[in-house]
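Coordinate analysis (summary)
Given next are the chains, with one letter for each unit.
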Amino acid sequence: MPTQRTLCIIKPDAVEKKVQGSIIQRVLEEGFRIVAMQQVQLSRAQAEGFYAVHRDRPFFDELCTFMTRGPVVIAALERDDAVAHWRKVIGATDPAKADEGTIRKLYGANVGENATHGSDSPENGLIETAYFFPGHELL
Ligand code: ATP
Ligand code: MG
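Sequence order as written defines residue numbering, which begins from 1 separately in each chain. Chain labels run from A onward and ligand labels from 1 onward, assigned in the order the entries are written. Owing to the predicted nature of the model, reporting of local features is limited to residues with pLDDT of at least 70; listing and counting of side-chain atom pairs is limited to 80 or more, with chain, interface and lining totals taken over all residues. For side-chain calculations, the full set of non-hydrogen atoms in the structure is used, while hydrogens and water are omitted.

1. Things to note about the packing of aromatic side chains
- Aromatic pairs are defined between Phe, Tyr and Trp rings, using the six-membered ring for Trp, whenever the two ring centres lie within 6.5 Å; interplanar angles under 30 degrees are classed as stacked, those over 60 as edge-to-face, and all others as tilted. This structure, assessed with the given rule, holds five aromatic pairs.
- Their ring planes at 45° and their centres at 6.0 Å tell us that Phe50 and Tyr131 sit as a pair that is tilted. Taken together, the residues Phe50 in helix H3 (residues 44-50) and Tyr131 in helix H7 (residues 122-132) connect sequence positions 81 residues apart.
- For the exposure calls, accessible area comes from a 1.4 Å probe over protein chains only, and a residue counts as buried if that area is under 20% of its type's maximum, exposed if over 50%, partly exposed in between. Judged by relative accessible area, which is 11%, Phe50 ranks as buried.
- Centre to centre, the rings of Tyr131 and Phe132 are 4.8 Å apart; their planes meet at 90°, and the pair counts as edge-to-face.
- Cation over ring: Arg79 sits above Phe32, and NZ or CZ is 5.7 Å from the ring centre. Only DSSP runs of H or I covering at least 4 residues are called helices, and only runs of E covering at least 2 are called strands; the numbering of each starts at the N terminus. A ring is considered to have a charge above it if a Lys NZ or an Arg CZ atom is located within 6 Å of its centre and within 35 degrees of its normal.

Laid out in C-alpha cells, this is it:
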C-alpha cells in the first residue's frame, strides 16, 4: 500500500464535547504520523473554500455556519493507505449509519454534526493538506 496523506478535521461539535484528545489518541493508535496540526477557528471564506465542491448543495450554508461556529483541530496525517483507512476509522457520514467503534458513531450527533472530516481520495488528501498547511509538502 502506498504512503498517502489525508486531512483530518476535528469539527466544532467534537471540540465542544472535549473529545479532541480521544480522537488524536485514536489517530496515533491507528498508526498515522501527524505531519502538521493546528487549532483554529475557520473564517467563512476558509470554510466556503474548503467545501466549495458542495456549494450547490442545499446544506452548504448550514455546513459553513457549523464549521465556523467554534475552533476546529486540523491535522495532516500520513500512513499507508491513509485515505481509505481514515475514512474507515471515522465511519459513514451519518453517525446513525456508522459502524460500531467508529469516531462518528462514538461522537457524532447527526449527518451535519459528525465530529470529523476525512479526505475522499489520495489526490484530495494532498490538495486539502496543502490548503491548510502550505509549506509542509516535503516534510
Ligand atoms: P467530510 O467531507 O466532512 O469528511 P463526508 O465525505 O462523509 O464528510 P460529504 O458528502 O463530503 O461527506 O459532506 C461533507 C459534510 O457536509 C458532511 O461531513 C456533513 O458535515 C455535511 N453534510 C453532508 N450531508 C449533509 C446533509 N444532508 N445535511 C447536513 N449536512 C450534511
Ligand atoms: Mg467529503
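That shown, we press on.
2. Brief notes about the environment of Arg87
- Within the element layout of this structure, Arg87 appears in helix H5 (residues 82-90).
- Arg87 sits in the partly exposed class, given a relative accessible area of 34%.
- Between the C-alpha atom of Arg87 and that of Ile103, which follows or precedes it by 16 residues, the distance is 9.7 Å.
- Apart from residues lying up to four places away in sequence, Arg87 is in contact with Gly118, Ser119 and Asp120. By the convention used here, residues are in contact when the closest approach between their heavy atoms is within 4.5 Å.

3. What to know about the site of ligand 1
- Think of it this way: one heavy atom of a residue within 4 Å of a molecule or strand is enough to make that residue near it. Around ligand 1, the structure places 14 residues, and the nearest of them are Lys11, Thr93, Gly112, Asn114 and His117.
- We define a polar contact as two N or O atoms separated by no more than 3.5 Å, with the added condition that, inside protein, one atom must be a possible hydrogen donor and the other a possible acceptor, whereas residues neighbouring each other in sequence contribute only through side-chain atom pairs. His54 is positioned with one of its side-chain polar atoms (N or O) 2.9 Å from an oxygen atom of ligand 1.
- Arg104 is positioned such that a nitrogen or oxygen atom in its side chain is 3.1 Å from an oxygen atom of ligand 1.
- Accessible surface area values rest on a Shrake-Rupley calculation with a 1.4 Å probe, where residue burial reflects the displayed protein chains alone. Here ligand 1, which alone exposes 580 Å², has 81% of that area covered by the protein.
- Mapped onto the shell around ligand 1, the elements with two or more residues apiece are helix H4 (60-67) and strand S4 (116-118).
- Looking at side-chain class alone, the shell around ligand 1 contains four nonpolar, six polar and four charged residues. By the convention adopted, Pro, Cys, Tyr, Trp, Phe, Met, Ile, Leu, Val and Ala count as nonpolar, Lys, Arg, Asp and Glu as charged, and the other residues, Gly among them, as polar.

4. With respect to the side chain of Arg104
- Structurally, the position occupied by Arg104 is in helix H6 (residues 103-107).
- Under the counting rule used here, the positive set is Lys and Arg, the negative set is Asp and Glu, and His together with the chain ends is not counted. By definition here, a salt bridge exists when the distance from a side-chain nitrogen of Lys or Arg to a carboxyl oxygen of Asp or Glu is within 4 Å. One buried charge, Arg104, has no salt-bridge partner; the nearest side chain with opposite charge is Asp13, at 8.3 Å.
- Within the structure, Arg104 has its side chain in polar contact with the backbone oxygen of Thr116 (distance 2.8 Å).
- Excluding residues that lie within four positions of it along the chain, Arg104 makes contacts with Lys11, Ile90, Gly91, Ala92, Thr93, Pro95, Ala98, Asn114, Thr116 and His117.

5. A few points about the sheet that holds strand S2 (residues 33-40)
- Should DSSP find at least two bridges between two strands, the strands are regarded as paired. Read across the open sheet, the four strands follow the order S2-S3-S1-S4; overall the sheet is antiparallel. In this open sheet, the two strands that pair with only one neighbour each are S2 and S4. Going from strand to strand, the sheet's axes swing by 15° on average, the running direction of each strand aside.
- Bridging between S2 and strand S3 (residues 72-80) involves seven bridges; their strand directions are antiparallel. Within S3, the residue paired with Gln38 across the bridge is Ile74.
- Here helix H2 (residues 20-29) sits on the sheet and contacts strand S1 (3-10), S2, S3 and S4; the angle it forms with S2, its principal contact strand, is near 165°. All axes here are fitted lines through C-alpha atoms, helices being fitted over the stretch that makes contact, and every angle between N-to-C directions spans 0 to 180 degrees.

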